[in-house]
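Remarks on the overall topology
Below are the chains, spelled out letter by letter.
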There are 2 protein chains.
Amino acid sequence: MVRKRINKKERQQKLTERLKEDPFLTDEELMQMFNVSIQTIRLDRLELGIPELRERIKSVAELTYSKVRTIGGTEIVGELVDINLGKSGISILETNENMAFKKTSLVRGHNIYAQAESLAIAVIDADVALTGVANVKYKIPVKAGEKLIAKAEVVRERGNKYFVHVFTYVGQNQVFRGKFILVSID
Amino acid sequence: MVRKRINKKERQQKLTERLKEDPFLTDEELMQMFNVSIQTIRLDRLELGIPELRERIKSVAELTYSKVRTIGGTEIVGELVDINLGKSGISILETNENMAFKKTSLVRGHNIYAQAESLAIAVIDADVALTGVANVKYKIPVKAGEKLIAKAEVVRERGNKYFVHVFTYVGQNQVFRGKFILVSID
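Residues numbered from 1 in each chain as written. Chains lettered and ligands numbered in written order. Predicted model: local features only at pLDDT ≥ 70, side-chain atom pairs only at ≥ 80, totals over all residues. Heavy atoms only, no water.

As annotated in an unreviewed UniProt entry, chain A carries the name Fatty acid biosynthesis transcriptional regulator and is attributed to Gottschalkia purinilytica.

**Focus on the pattern of salt bridges**
All names here are of chain A. Tallied over the full model, the rule gives 12 salt bridges over all chains. D27 serves as the salt-bridge partner of R45, at 2.9 Å between the closest nitrogen and oxygen. In this pair, R45 is assigned in helix α3 (residues 38–48) and D27 in helix α2 (residues 27–34), connecting sequence segments 18 residues apart. Comparing R45 with D27 shows no difference in burial state: the two are buried. When salt bridges that share partners are traced, they join D27, R42 and R45 into one network. (Salt bridge = Lys/Arg side-chain N within 4 Å of Asp/Glu carboxyl O. Helix = DSSP H or I, 4+ residues; strand = E, 2+ residues; numbered from the N terminus. Buried < 20%, exposed > 50% of the residue type's maximum accessible area, 1.4 Å probe, protein only.)

**Considerations on the relation of the copies chain B and chain A**
Superposition of chain B onto chain A requires a rotation of 180° combined with a translation of 0.0 Å along the rotation axis, giving an RMSD of 0.1 Å. Put plainly, the chains are arranged around a two-fold axis. Closest approach to the rotation axis within chain B is made by the C-alpha atom of N135 of chain B, at a distance of 2.2 Å. A symmetric contact is evident, with 100% of the interface residues of chain B recurring at the interface of chain A. (Least-squares fit on C-alpha atoms with pLDDT ≥ 70 in both. Contact = heavy atoms within 4.5 Å.)

**Remarks on the sheet that holds strand β1 (residues 79–84) of chain A**
The strand order across the open sheet formed by 12 strands is β1(A)-β2(A)-β4(A)-β5(A)-β6(A)-β3(A)-β3(B)-β6(B)-β5(B)-β4(B)-β2(B)-β1(B), and the pairing between neighbours is antiparallel. The open sheet has two edge strands, β1 of chain A together with β1 (79–84) of chain B, and neither has a second partner. Strand-to-strand twist of the sheet, defined as the mean angle between neighbouring strand axes without regard to direction, takes the value 20°. Relative to strand β4 (residues 147–158) of chain B, strand β2 (residues 88–94) of chain B is paired through seven bridges, and the arrangement is antiparallel. Residue pairing in the sheet places S88 of chain B in a bridge with E153 of chain B of β4 of chain B. (Pairing = 2+ DSSP bridges. Axes fitted to C-alpha atoms, helices over the stretch in contact; angles between N-to-C directions.)

**Here's the deal with the interface of chain B and chain A**
Contacts between the two partners involve 31 residues from chain B and, on the opposite side, 31 residues from chain A. Summed over both sides, the interface between chain B and chain A buries roughly 2500 Å², with carbon and sulfur atoms accounting for 57% of that surface. On the chain B side of the contact with chain A, E75, F101 and H110 of chain B bury the most area, a combined 22% of that side's loss. Where chain B touches chain A, the interface holds zero salt bridges. Put simply, chain B and chain A have 12 residue pairs in polar contact (both at pLDDT 80 or more) between them. Those elements that provide at least two residues to the side of chain B that touches chain A are α5 (109–122) and β3 (129–138) of chain B. Per-element accounting of the side of chain B that touches chain A gives the leading share, nine residues, to β3 of chain B. Counted by class, the side of chain B that touches chain A contains 15 nonpolar, eight polar and eight charged residues. Pairing of strand β3 (residues 128–138) of chain A with β3 of chain B, which is carried by five bridges, proceeds in the antiparallel orientation. Within β3 of chain B, the position partnered with A134 of chain A by the bridge is V136 of chain B. (Buried area = accessible area lost by both parts, 1.4 Å probe. Polar contact = N/O pair within 3.5 Å; in protein donor to acceptor, adjacent residues only side chain to side chain. Nonpolar A, V, L, I, M, F, W, Y, C, P; charged D, E, K, R; others polar.)

Here is the structure:
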């Protein structure tokens, strides 16, 4: 589907709106959305004073990290962009070639796992939590460069055990799901 | 149990024997075995021309890496010290504080997972293999500095699916087990 180009003013207005709805859209995604070159998107952002994705993620992440109890911010694999302690959380991991097999440029499973596991631990409302059991499924191979959005939810709590489900997406596609049982320790 | 010290000649002879049986004993383990200081062990190794653990692991690993088909040697988390392609493999990961939670100095689960998953992939006799499903259990927390020995075994093969079990030990204690279903891709 090729969309008709719109004029600059209209495009910049829509671009601002779309980024308000989803601040984690990549320049590539915006480029396709508006059917323009990546340079045009970069210039638009520059003129509108909208920082690049990495900076946008960071500024959201800084707010959320301060709420986490179980682990330090730098110990989370990916950037934590939303947290509702004891309930849910979202993190974003921008993958690159270093995380992938050289032969195929497919992201190695343990990187996807690491993002999910550290997010599962981060959402727990306790001082220390460790993974007890994990049951994970890789549904679609992830290419280096794709942006992983992991969403965690605490589904049950029983004594010092926490059942956390994590679903990881690339765009609208679910690429991974993990079911974790975490144990909090005094 | 405090063992009686033995004389230097006898100790060096026994030390050589023990390292022939298990080339991956740490200086700390040898120190306790012979009830001497770590300096004594280091001097013994120097006099006997036995390189340090890291070098011993490396020289064994170099031989084994060349047999792996699915992934590059540097893509394996830990050092691969034994491989029987399509059947089994062993890798060693020396943990450190960087792999652990700052708060507790306990090794983060995803590092233990990464060693197991990459070993499971390495033992597969195919050109490309990806993880489909993993079911893992963390049995005993691992302290930073402990040496993880992972042993993988291909238990079943069905079409392009491989069932691989990995058991990870610290000394004699099993700290982790993972059941992986891997998929080979053409």
